[in-house]
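Listed below, chain by chain, are the residues.
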Amino acid sequence: MRLRIAEDRLDTPASAPLVAALWSELLERYGEPDPDPDGITAATLAPPDGAFVVAWADSTAVGCGGLRGYEPAVGEVKRMYVSPAHRGQGIARAVLVAIETRARDLGYDRLVLETGLRQPEAMGLYLSAGYTDLEPYGFYRTSPLSRCFEKWL
């Protein structure tokens, strides 16, 4: 397998099915649809304050992740996903590294993110990549299933 990470948009034919699969998996894990309180759009995860990348295994789009501006000098990681058939191959880490690189390029000093307790793979990835626990923030700050992380770049 040849892995390639490429800049894209949230609403392209390559990325839209990945994001739809993410929503479907979150529904399965949590038993209810995510309310998407931030109303993330393709423009939110695009320059000049954001980015969106797609991971390609040979010619197949297999993962994605996004970055948006959250506060001055702080970016937020959004829409991280890798298809189940391609997990355990370092793809999520490669996507995360690409997002961190783009965040530095955009002048962010710190990244924050929120994930859920029913996503142990995601929590493991973030902890192994140097993220540390962060006081809950945003819409999910009172959710007992939410876990927030940060990383200083």
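Structure: see above.
Cut-offs used in this document
- Residues numbered from 1 in each chain as written.
- Predicted model: local features only at pLDDT ≥ 70, side-chain atom pairs only at ≥ 80, totals over all residues.
- Heavy atoms only, no water.
- Helix = DSSP H or I, 4+ residues; strand = E, 2+ residues; numbered from the N terminus.
- Polar contact = N/O pair within 3.5 Å; in protein donor to acceptor, adjacent residues only side chain to side chain.
- Contact = heavy atoms within 4.5 Å.
- Buried < 20%, exposed > 50% of the residue type's maximum accessible area, 1.4 Å probe, protein only.
- Pairing = 2+ DSSP bridges.
- Axes fitted to C-alpha atoms, helices over the stretch in contact; angles between N-to-C directions.
- Salt bridge = Lys/Arg side-chain N within 4 Å of Asp/Glu carboxyl O.
- Core = buried A, V, L, I, M, F, W, Y, C linked by side-chain atoms within 4.5 Å.

Of note, Glu-76 is situated in strand β4 (residues 74-82). Here Arg-68 takes part through its side chain, which lies 2.7 Å from a polar atom of the side chain of Glu-76. Polar contacts involving the side chain of Glu-76 include one to the side chain of Tyr-137, which spans 2.6 Å. For Glu-76, the contacting residues outside a window of four places in its chain are Gly-66, Leu-67, Arg-68, Tyr-70, Leu-111, Val-112, Leu-113 and Tyr-137.

Turning next to the environment of Ile-99. Along the polypeptide, Ile-99 turns up in helix α2 (residues 91-105). The exposure class of Ile-99 is buried, given its relative accessible area of 3%. Sequence spacing of Ile-99 and Thr-142 is 43 residues, and the spatial spacing of their C-alpha atoms is 27 Å. Setting aside residues no more than four positions away along its own chain, Ile-99 makes contact with Val-53, Gly-65, Gly-66, Leu-67, Val-77 and Met-80.

Let us now look at the sheet that holds β4. Across a sheet, strands are paired by hydrogen bonds formed along the backbone, either parallel or antiparallel in direction. Taken together, 7 strands build an open sheet; the order of strands is β1-β2-β3-β4-β5-β7-β6 and the sheet is mixed. Two strands lie at the open edges of the sheet, namely β1 (3-7) and β6 (132-134), each paired on one side alone. The sheet shows a mean angle of 30 degrees between the axes of neighbouring strands, taken without regard to direction. Of the pairings in the sheet, the one linking β1 to strand β2 (residues 51-57) comprises 5 bridges and is antiparallel in character. Looking across to β2, one finds that Leu-3 is bridged to Ala-57.

On to the environment of Leu-113. Along the chain, Leu-113 turns up in strand β5 (residues 110-116). When its relative accessible area of 1% is taken as the criterion, Leu-113 is described as buried. In the structure, Leu-113 is positioned 93 residues away from Ala-20 in sequence and 20 Å away in space, judged by C-alpha atoms. Residues contacting Leu-113, with those up to four places away along its chain left out, are Glu-76, Val-77, Tyr-126, Tyr-131, Tyr-137, Arg-147, Cys-148 and Phe-149.

Turning next to the pattern of salt bridges. Summed over the entire model, instances satisfying the criterion amount to 13 salt bridges. Between Arg-68 and Glu-76 there is a salt bridge whose closest N-O contact spans 2.7 Å. For Glu-76, a relative accessible area of 3% puts it in the buried group. For Arg-147, the salt bridge is made with Asp-133, and the minimal N-O distance between the two is 2.7 Å. With Arg-147 in strand β7 (residues 146-152) and Asp-133 in strand β6, this residue pair connects regions lying 14 residues apart in the sequence. It is possible to trace a salt-bridge network through shared partners that takes in Glu-25, Arg-29, Arg-87 and Glu-121.

Counting buried positions over the 7 residues of β2 gives 7, a clear majority of the element. Going residue by residue along β2, you find Ala-51, Val-53, Ala-55 and Ala-57 tucked away on one face and Phe-52, Val-54 and Trp-56 tucked away on the opposite face as well. Pairing between β2 and strand β3 (residues 60-71): 7 bridges, direction antiparallel. Directly across from Phe-52, in β3, lies its bridge partner Gly-66. Count of turn residues in the β2/β3 antiparallel hairpin: 2 residues, of which Asp-58 carries a positive phi of about 55 degrees.

Moving on: the nonpolar core. By size, the foremost hydrophobic cluster in this structure holds 24 residues, and its most contacted members are Met-80, Tyr-126 and Tyr-131. Elements with a contribution of two residues or more to this core: β2, β3, β4, α2, β5 and α3 (120-128). At 5 residues, α2 tops the list of elements feeding residues into this core. Met-80 has contacts with Leu-22, Cys-64, Gly-65, Ala-92, Val-95, Leu-96, Ile-99, Leu-125 and Tyr-126, leaving out every residue within four places of it along the chain. Counting residues in hydrophobic clusters, the runner-up holds 16 residues, among them Ala-14, Tyr-30, Leu-45 and Tyr-81.

So yeah, pure geometry; function would need other evidence.
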